[in-house]
Amino acid sequence: MTLHEAIVEVLEDLGHPLSTRHIADEVNRRRLYQRGDGEPVPSSQISARVRNYPNLFLIENNRIRLVKESVNKKSTDYEKMFTQLADFSRNLGYSVRNLVPAFIFAARISHLNNQPISVDSKLSYIEITHLLNDINISKVFKGSLSSIINEIKNLDENTSQKIIDIINNYDLSIKSVNQDNFGPYFENFIYSFQNPNLAKSQYSSPKVLKILIAKLIDNFDGVVYDPALGLGGFFTAILNELQNKNQLGTANNLELIGQEIDETVRACAIMNLHMHGYFQAEIFGGNSIDEPAIGYNAADLIVSDLPFGNRIFDNQIVSKGRNSSLYGSQKVEVIFLEMIISRLANRGKAIIVIPDGILFSKDTNSKRVRELLVKQDMLEAVISLPAGIKLPFTGVKTSLLIFRNGKNMNHEKVLFINSDSNENKYQGLSKKEFGRETINFDTIQKIYFEFREEENISRVVEKDEIITNDFDLSVQKYVSKAGKIIRNLKIHGENIKQVKETVKKNYRKIVEASTSIPFVRINDLSESVIDCQLAINKLTFNPKQKGILIDNDAILISTRGSKLKPTYFHYKGIPIIVERGIIAFSINDKIIIPEHLIYELYSDLVVEQLKSIRGGGRIIPALFRSDFFELYIRVPDIQEQYRRLLDKKELYLEVKKEEEELLKVEDYIQKLEYNSLSNFKHNFMQKLERVSSGIKVIENYLEDKVYDKTSINWFEPVTKPLNETYHLKIDSLQQVFNRLKLNINDAINSLEIEIRWLEKENRPLNRKVINLYQFFKNEIIPLYIQKGNYKIHLTKDESLSQNFDFKSNVDKALIKDAISNLIVNAEKYGFREQRVEPYNILFEFSKVEEAGQNYVNIIYKNDGAPFPYGFTFKDLIQRGRRAGENSNTGIGGSFINTIIQKHGGIFREFKPNYESQFSPFNIQFEILLPLIIE
C-alpha cells in the first residue's frame, strides 16, 4: 500500500477531516505503510504527500479531508465532476464553498426529469437561480434555501458561472447515474464543503455509528423520527440498509420525519435525501425539545444522536424546553430523552446515542429517566461504543440506549453489550484500541437480536440487579472483567466500597509554589508497592509552578500515564506542594489503613476497572479525578486489613527477593559478557600456542631427518625416546599433523565465531512487524525439510482462534539466525546416534502474559541427546563455555540469548508444570517475544 492510499483509508474509515498528526498516528498504529528506514511516518511526510495529490485531498483549517469518498472504484463522470469542483473550490471561502452543493442539487433535479432547462442542455447562472427559487418555495423546503439563494445573488457572477460550467460538462440524468451511486457521493460532498457550523460534531455522526444503528432496526415500517436530524445521515443509512437487504421498495412504507433547528443544515439534509432518491421525507425546522414535529405516542421508531454540551440552544430555548420536560432537567440531553419517551407509539422503539454520563450520573433527573426506563420495563439494551468514536470533534465516551414503549419479549431483562474491543480483548468487536474504528456490525447485530450472552462481550441482566445498583446502566459494571470480579466478591461476602467512601479530605486548593517548600512531580511518586512512601529527601523546589499544598498525611495518585503510582506522604512538620496532575487526599483511618489502600490500588480489581475508564481516545492515557474516586476496592474491617497486609508483605517480599536474585544472575551474565573479549584473547592465545608447539615438533623432526640424511616416514615416531628402558608412547608424524590440523581449525573456528558475534551484537535492529507463526512456517522450516534424520513440527494453542495473529516487531534476519542455530545444534550434537525412527523438533506457539506484557510464547523441544553431564542452561547462555569434549564453545546459546534480549524478549529453560517420565523431549527451551495486539 502506498502512503497516499493509506491516508485515503484512514480518512474514509474515520469519516471526518483530520490533522496531519492524527493521520500519521493512525497510519503508524495500523501499520498501513512501512518506510524504507523502518521509522514511523512523521506528520511532515503526510503533509508533503497530501500536497502532491490535490485530486484526492483538500487542506482546510489545517485539517485534511477527502475530495471524494470511494463508493466504488470505477472511474465515472460524476466522480470526475466532484473532483473538478473540489479543485476549483479549494481556494474559495466557506461562504462560497457552501453554495456548491446547491448548484449540484439544482442541476441534478433538472436532469432527474430528463428535462434540462435550456435547449442546448446547458444550465446558466440565471436558470440555476430560478430553479433554486422554485425549489425554495415548495412545500418541502418551505423557504429554507433563502439564505443560500441570497448568498448566490451576492456572489460574483463569473465565479458562479465557472462552477456551473463544470457541472454542464457531465450528464447527471438518471440513465447516466442512479441515486444508489450518486447519493453517497453527494452526501460526502456536503460534509466536504460544509460551512463552519456544519463542521461541528452534532451535525454529522460517524459513518460506523450510522451503519450500526441501521442494522439494529427490526421493523422498517411506520413513522421514523429524528429530532436532531443534522445532515440526515441516519435516514440515508436506513435507506442504504434496505438497499443491502434488497428491500428498498419497502421504503415506501416509511414516513421519515426529521427536525433540525439550523435552517441551512435543514436545507442540506433535504438535498441529501433527495439525492439518495427519497423525496417523501418531511424535514421540519424549529426546536424539537420545545415544539416537536410529531405528537405524543406518534413515532414507531426514533433514531438520534443526542446533542450534548454547548449546542446552539440558547438559555431561553433551553428554559422553554425545561418547562415542557417531565422533571425540569437543565441538561439538554436529558430533556431530549424525556421528549423522545413521550413521543413513542405503543411498541415504538428508540435507538439513541447518548453521552455515557447519563448512564451513571447521580444527577437527580438523569437518574429519574433511568429509573423510568427500568421500572416501566422499557429498556431493551445498552451498547457501549468505542472510546473516541466521535473524534476529532470530541473524545466524550458514548453509548447506544435502546428502549421500547411496551416490550413483547425479554420482560424485566436488559442486554448489555460492549462493542469496544479494549485492545482486542473482547474477541475483536472493533479493530482498534480507540477511535473511529470499523465495528463488527454482524456480531453485535446477532447478539442483540438473539438477546444472548457472550463472555466479556454481552450479558443479560435482571431488572432487580439494576435496581440494586441504584439504576446504574454503565456497561462496564455488568460486562467487563472488573464487573464480574466485583459481583463474585459480593457473592462471597466481601465488603466492597468506592474509594470516595474512604476519603476524609480532598486537597484541591491551588497555591503558588515556594523556594522553601518541596515540590512533588508525578515522576517523584513511587512505583513500588513495598516502598510506597514519598522520598522527601529527593524532592526539589519549583517556585515558578503552581500546585496543591499538602500539610497532613495524604495519599498521592498520578492522573497521567498508565500507572496510578499510589504514594503515601507522612507529614512530619514539613508540608509539600504537588503538581496539578496529582490527586491528593487523606483517608478516614477508622475505615481503612494507608498501606491496605495502596495494595488495593495495585490489585487486579482496580487494574481491570482502569482499563475501561482510562484514555477517552487520548494518545497519553489520562484519569479524571471523579473516575478515580468511583473505583471499587475491598475494605474489610481494620483487623482483617492488618492480617491481609502482613500476608501480602510476605508475598511481595518473596517476589522482590526472587527479582533481586534474577538481577544478580543477569548482572553476573553481563559481567561475563564484559569479560568475554579478554577471555577470548586468553583462549585464542592458548590455541595458537598449541598450533605453535605442533609446528615446532615437526620442524625438529625435519631437522633430524636432514642431519641423519634419512627419508621421511609417515608412521614413525617424531622423536626418539631418551631412555630405551622406558616404553613411552610417542606420537607418529601422522598423529602430530592430524592434531595440528585440529588445533588450526579450532583456532580459525573460534575467530570466525567471535567476528560473527560482534557483527550481530553491534548492528542496529532492522525491525518489521510480522506474523511469527507464518514466518516459521514459510521461511524457516522449509530450509530444513530435506535435511538430516529428523522432522520439524509446528503447532499452536488450540484455545486461540484459528486466525490468531502472532505478530511481533522483529529483525527477521536475526530471528532466523537464532532459530537456525537451535536446529543446527540439535542436528550436530543431539541427533548423532543412528535410529530407525527420525528425531523430532517441535515448536509450540501460544500467547502468555507476564508482568502486564503480552508475549508470543514459542516452546522449542527436541528428543535428541540431553546436555552432557554437568552442563546446564546457565552454561549454554554463557559465552565461551563448552558443551562437551567434542563440541564447540557455548557461543550458540549466548548468541540466541542476546538476540532475544535485544528484541525485549526472554530466552529460558522450559520447565513443564508436571513431571512425566514418559516425555521423549530431553531438550526444552522457551522463547518469549513481545506480542503486538491490534
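Residues numbered from 1 in each chain as written. Predicted model: local features only at pLDDT ≥ 70, side-chain atom pairs only at ≥ 80, totals over all residues. Heavy atoms only, no water.

The name recorded for the chain in an unreviewed UniProt entry is site-specific DNA-methyltransferase (adenine-specific), from Rhodocytophaga aerolata. Taken from UniProt, the Sequence similarities (unreviewed entry) comment for the chain reads in full: "Belongs to the N(4)/N(6)-methyltransferase family." (UniProt positions renumbered as here; feature names shortened; annotations may be inferred.)

Enquirer: I tried to follow the overall build of the chain on my own but got confused; where do I start?
Expert: From N to C terminus, the chain includes 31 helices and 28 strands. Out of the 934 residues in the chain, the part that is buried amounts to 50%. Across the chain, the fraction of contacts at a sequence separation of at least 24, relative to all contacts at a separation of at least 6, is 74%. Element-wise, carbon and sulfur atoms account for 49% of the exposed surface of the chain, whose accessible area totals about 45500 Å². (Helix = DSSP H or I, 4+ residues; strand = E, 2+ residues; numbered from the N terminus. Buried < 20%, exposed > 50% of the residue type's maximum accessible area, 1.4 Å probe, protein only. Contact = heavy atoms within 4.5 Å. Areas by Shrake-Rupley, 256 points an atom, 1.4 Å probe, with all protein chains shown as cover.)

Enquirer: Explain the sheet that holds strand β13 (residues 503-507) to me, please; I cannot follow it from the model alone.
Expert: Each strand in a sheet pairs with another by means of backbone hydrogen bonds, the pair being arranged parallel or else antiparallel. One open sheet accounts for four strands, arranged β13-β20-β17-β18; its pairing is antiparallel. Each of the sheet's edge strands pairs with one partner strand only, and the pair in question is β13 and β18 (567-569). Across this sheet, the average inter-strand angle for adjacent strands is 30 degrees, counted without regard to direction. Two elements, β13 and strand β20 (residues 582-587), share four bridges in a ladder whose sense is antiparallel. Bridge assignment links tyrosine 507 to a residue of β20, and that residue is alanine 584. Where helix α22 (residues 594-601) meets the sheet, it contacts β17 (554-558), β18 and β20, and its direction lies at approximately 15 degrees from that of β17. (Pairing = 2+ DSSP bridges. Axes fitted to C-alpha atoms, helices over the stretch in contact; angles between N-to-C directions.)

Enquirer: Looking at this model, I keep getting lost on the pairing of strand β16 (residues 546-550). Mind explaining?
Expert: Side-chain positions along a regular strand alternate between the two faces of the sheet. Across three bridges, strand β14 (residues 510-512) lies against β16 in antiparallel orientation. Among the inter-strand pairings, glutamate 512 is bridged to a residue of β16, identified as lysine 546. Sheet topology places β16 next to strand β19 (residues 576-578); three bridges connect them, and they run antiparallel. Opposite isoleucine 548, over in β19, you have valine 578 as the bridge partner.

Enquirer: How should helix α21 (residues 481-491) be read in this particular structure?
Expert: An α-helix turns once every 3.6 residues. As a result, residues three or four positions apart point the same way. Among the residues making up α21, those that are buried are Ala482, Gly483, Ile486, Arg487 and Leu489. The buried residues of α21 all sit within an arc of 160 degrees when viewed along its axis, so they share a single face. Just downstream of α21, glycine 493 is the residue with a positive phi angle, here 80 degrees. (Arc of directions from axis to C-beta.)

Enquirer: What is the right way to read the packing of aromatic side chains from this model?
Expert: The geometry of an aromatic ring pair comes down to the distance between the two centres and the angle between the two planes. What the rule picks out here adds up to 23 aromatic pairs. When the ring of phenylalanine 776 is compared with that of phenylalanine 843, the centres are 5.3 Å apart and the planes differ by 75 degrees; the resulting orientation is edge-to-face. Of this pair, phenylalanine 776 sits in helix α28 (residues 772-780) while phenylalanine 843 is found in strand β25 (residues 839-850), placing the two residues 67 residues apart along the sequence. Neither residue differs from the other here; phenylalanine 776 and phenylalanine 843 are each classed as buried. (Phe/Tyr/Trp six-rings, centres within 6.5 Å; stacked < 30°, edge-to-face > 60°.)

Enquirer: Looking at this structure, how should I read the packing of helix α15 (residues 332-343) against helix α17 (residues 364-375)?
Expert: How two helices sit against one another is set out by the angle between their axes and by the gap between those axes. At their nearest, the axes of α15 and α17 sit 10 Å apart, and the two run at 25 degrees to each other. Taken together, α15 and α17 sit at an angle that is classed as roughly parallel. The two elements α15 and α17 cross, and the hand of that crossing is left-handed. Each of Val334, Leu337, Glu338 and Ile341 in α15 lies in contact with α17, whose residues at this interface are Asn365, Ser366, Val369, Leu372 and Leu373. Of the residues in the contact of α15 with α17, the class split is six nonpolar, two polar and one charged. (Parallel < 35°, antiparallel > 145°, perpendicular 65-115°, else oblique. Left-handed = near helix turned anticlockwise from the far one by under 90°. Nonpolar A, V, L, I, M, F, W, Y, C, P; charged D, E, K, R; others polar.)

Enquirer: Would you mind showing me how to read the confidence of the model for the chain here?
Expert: The predicted structure's coordinates, where accompanied by low pLDDT, should not be read in detail. Overall, the predicted model of the chain reaches an average pLDDT of 79, with 78% of residues at or above 70. The model gives residues 195-202 a pLDDT under 50, and that stretch makes 17 contacts with residues more than four places away or in other chains. When the criterion is pLDDT under 50, residues 310-327 qualifies, and its contacts beyond four places in sequence or with other chains add up to 36 contacts. (pLDDT = per-residue confidence, 0-100.)

Enquirer: Is there a simple way to think about the nonpolar core in this case?
Expert: Generally speaking, soluble globular proteins have nonpolar side chains that are buried together. Within the largest apolar cluster, 83 residues are counted, with the highest numbers of intra-cluster contacts made by Ile104 and Leu400. Those residues within four positions of isoleucine 104 in sequence are excluded, and the remaining contacts are Met81, Phe82, Leu85, Ile167, Phe182, Phe186 and Phe189. The next biggest cluster of nonpolar side chains, apart from the first, holds 42 residues, and it includes Ile781, Phe831, Phe907 and Leu929. (Core = buried A, V, L, I, M, F, W, Y, C linked by side-chain atoms within 4.5 Å.)

Enquirer: Hey, could you run me through a negative patch on the surface in this one?
Expert: Negative charge collects at one region of the surface, where Glu699, Glu703, Asp704 and Asp708 lie side by side. Counting through the fold element by element, glutamate 703 comes out in helix α26 (residues 676-708). Take glutamate 703: its relative accessible area is 53%, and that puts it in the exposed class. (Patch = residues over 30% accessible without salt bridge, like charges linked within 9 Å, V, L, I, M, F, W, Y side chains within 5 Å. Salt bridge = Lys/Arg side-chain N within 4 Å of Asp/Glu carboxyl O. Lys, Arg positive; Asp, Glu negative; His and termini not counted. Charge placed at Lys NZ, Arg CZ, Asp CG, Glu CD.)

Enquirer: Is there a simple way to think about the sheet that holds β19 in this case?
Expert: In space, the four strands of this open sheet follow the order β14-β16-β19-β15, with mixed pairing throughout. Strands with a single pairing partner mark the edges of an open sheet, and in this sheet they are β14 and β15 (519-520). Of the pairings in the sheet, the one linking β15 to β19 comprises two bridges and is parallel in character. By the bridge assignment for β19, phenylalanine 519 is matched with isoleucine 577.

Enquirer: What should I look at first to understand the side chain of threonine 236 in this one?
Expert: Along the chain, the position of threonine 236 falls in helix α12 (residues 233-244). Setting aside residues no more than four positions away along its own chain, threonine 236 makes contact with Glu187, Asn272, Leu273 and His276.

Enquirer: Honestly, unusual backbone geometry in this entry has me stumped. Any pointers?
Expert: Leave glycine aside and you will find that most residues have negative phi; peptide bonds, for their part, are mostly trans. Backbone geometry at asparagine 410 places phi at a positive 50 degrees, although glycine is not the residue there. Secondary-structure assignment places asparagine 410 in the loop between β9 (398-404) and β10 (413-418). Exposure remark for asparagine 410: the relative accessible area of 29% places this residue in the partly exposed category. A positive phi angle is found at aspartate 470, which is not glycine, with a value near 60 degrees. Aspartate 470 sits in the partly exposed class, given a relative accessible area of 32%.

Enquirer: Looking at this structure, how should I read the pattern of salt bridges?
Expert: Proximity of charged atoms lets side chains of opposite charge pair with each other. Overall, the coordinates contain 32 salt bridges when judged by the stated rule. Between glutamate 450 and arginine 452 there is a salt bridge, with its nearest N and O atoms 2.5 Å apart. Taking the shortest distance from any N to any O, the salt bridge between lysine 807 and aspartate 805 comes out at 3.8 Å. By sharing partners, the salt bridges in this structure join Asp218, Lys349, Glu380 and Arg404 into a single network.

Enquirer: When you look at helix α2 (residues 20-30) in this model, what are you seeing that I'm missing?
Expert: Residues of α2 that are buried: His22, Ile23, Ala24, Glu26, Val27 and Arg30. Looking at the buried side of α2, the elements it contacts are α1 (3-14), α3 (43-52) and β2 (63-66). Once α2 finishes, arginine 31 follows within two positions and takes phi at roughly 55 degrees, a positive value.

Enquirer: Whenever I open this one, the packing of helix α11 (residues 207-215) against α12 confuses me. Can you help?
Expert: Put simply, α11 and α12 touch, their axes get as near as 9 Å, and they point 55 degrees apart. Between α11 and α12, the crossing angle belongs to the class labelled oblique. Two packed elements cross with a definite hand, and for α11 against α12 that hand is right-handed. On the side of α11, the interface is formed by Leu209, Lys210, Ile211, Ile213, Ala214 and Lys215, while α12 contributes Gly233, Phe234, Ala237, Ile238 and Glu241. Residue classes in the contact of α11 with α12 are distributed as seven nonpolar, one polar and three charged.

Enquirer: How should I be thinking about the environment of tyrosine 701 in this particular structure?
Expert: Following the sequence through the fold, tyrosine 701 ends up in helix α26. Taking C-alpha positions, tyrosine 701 is 8.4 Å from leucine 733, a pair spaced 32 residues apart along the chain.

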